[in-house]
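Commentary on secondary and tertiary structure
Single-letter residue listing:
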Amino acid sequence: MLALQINYTGDAEFFANIPPASWWAVDSFESHPWRVVDARTGAVLQEFVSAPGESLVRINAASAGGSRLQPGGQEVQPTQASDPPFEGWDGVGGGVDEYVPGSIAEIGLDHLGGVVLLDAEGFALPIPVPVGMSDAAQLFHTAGPEFRRPSTLALWVHSLQAAGASVDRVLITRLVGTTVYARVVLRLAGGQQSSLDARPADAISLAIQSASPIYISRRLAASQQPGSPELEVDWQEQAPPRPRRQGSPLLAPPLLQDPSLSNRA
């Protein structure tokens, strides 16, 4: 089973692979939605929202639903999963006035990793987007001259074109803690649009390869300007939780072990 957390733009982010007959504990925040899916079929086994205090969720893949037990022992029925529709201009409810045109000012790389500096129209300072070393190398490769054989990104673009779709725009949507979020908006064969969650490095590379426009969240751009009241303090407090521990019920959790064993050499 796979434990996925639904992020701030409605997409499922992978957190853990939970083997059969095992347990997994995580520090979460109240109101954060979670989804558990079958690793083989992708079928949704259960969805639930984090409640105040500690709670226990039991998943039974055979019954494809499981149950959720809160501290008082009350069972809560799982919700039904559904794909969110395309809403707003970015696909997740944001309007066109919430974004400004952007462009790549510089791509840097050192022994610690890379960074992409994005110019946002109407803002003095560029917006830094940290990327990994391999991502920076991919950006350099994409921004350079084309080779005779197609690159991975070129194949992506050619595949979209063969299916009658195209990259309409790339959006740098928000900053949560130190994580920058991005989306790729596709225009499908029938004229409909689809919005996909993407890592910023992949989204920017795809924009370069497909010659598609880049747009940056006005709020994100404003937060990077000196003296701006829109600092990221409130967004850092909303940072997604991270797994705390993972184990098997065959091994007793530390709180259930015999205290006398801790004194043995």
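Parameters at a glance
Residues numbered from 1 in each chain as written. Predicted model: local features only at pLDDT ≥ 70, side-chain atom pairs only at ≥ 80, totals over all residues. Heavy atoms only, no water. UniProt positions renumbered as here; feature names shortened; annotations may be inferred. Core = buried A, V, L, I, M, F, W, Y, C linked by side-chain atoms within 4.5 Å. Buried < 20%, exposed > 50% of the residue type's maximum accessible area, 1.4 Å probe, protein only. Helix = DSSP H or I, 4+ residues; strand = E, 2+ residues; numbered from the N terminus. Contact = heavy atoms within 4.5 Å. Pairing = 2+ DSSP bridges. Axes fitted to C-alpha atoms, helices over the stretch in contact; angles between N-to-C directions.

Labelled according to an unreviewed UniProt entry, the chain appears under the name BFN domain-containing protein, originating from Chlorella ohadii. Quoted straight from UniProt, the Function (unreviewed entry) entry for the chain says "Bifunctional nuclease with both RNase and DNase activities. Involved in basal defense response. Participates in abscisic acid-derived callose deposition following infection by a necrotrophic pathogen." Of the comments in the UniProt record for the chain, the one headed Sequence similarities (unreviewed entry) reads "Belongs to the bifunctional nuclease family."

Within soluble globular proteins, side chains that are nonpolar tend to cluster in buried spots. In terms of nonpolar packing, the biggest core is built from 30 residues, with I172, V184 and I216 touching the most fellow members. For this core, the element with the most residues is helix 3 (residues 200–210), which contributes five residues. Here I172 is in contact with Y99, L118, V180, Y181, A182, P200, I204, I214, Y215, I216, S217 and L220, once residues within four sequence places are set aside. Residues F15, A16, I18 and W34 belong to the second largest nonpolar core, which totals nine residues.

Moving on to the sheet that holds strand 15 (residues 214–217). Spatially, seven strands are ordered 11-10-9-15-12-13-14 in an open sheet, and the strand pairing comes out mixed. Where the open sheet ends on each side, the last strands, each with one partner, are strand 11 (127–131) and strand 14 (193–198). Each adjacent strand pair in this sheet contributes to an overall mean axis angle of 35 degrees, direction not counted. The sheet contact formed by strand 9 (residues 99–110) and strand 15 spans four bridges and is antiparallel. From the neighbouring strand, P101 faces strand 15, where its bridge partner is Y215. Packing of helix 3 onto the sheet brings it into contact with strand 9, strand 10 (113–120), strand 11, strand 12 (166–176), strand 13 (179–187), strand 14 and strand 15, and relative to strand 12 it is tilted by some 150 degrees.

What follows deals with the pairing of strand 5 (residues 44–49). Consecutive residues of a regular strand have side chains that alternate between opposite faces of the sheet. Examined bridge by bridge, strand 4 (residues 33–37) and strand 5 share five bridges and lie antiparallel to one another. Each residue of the ladder has a partner; that of V36, found in strand 5, is Q46. What sits between strand 4 and strand 5 in their antiparallel hairpin is a turn of six residues, with G42 showing a positive phi close to 80 degrees.

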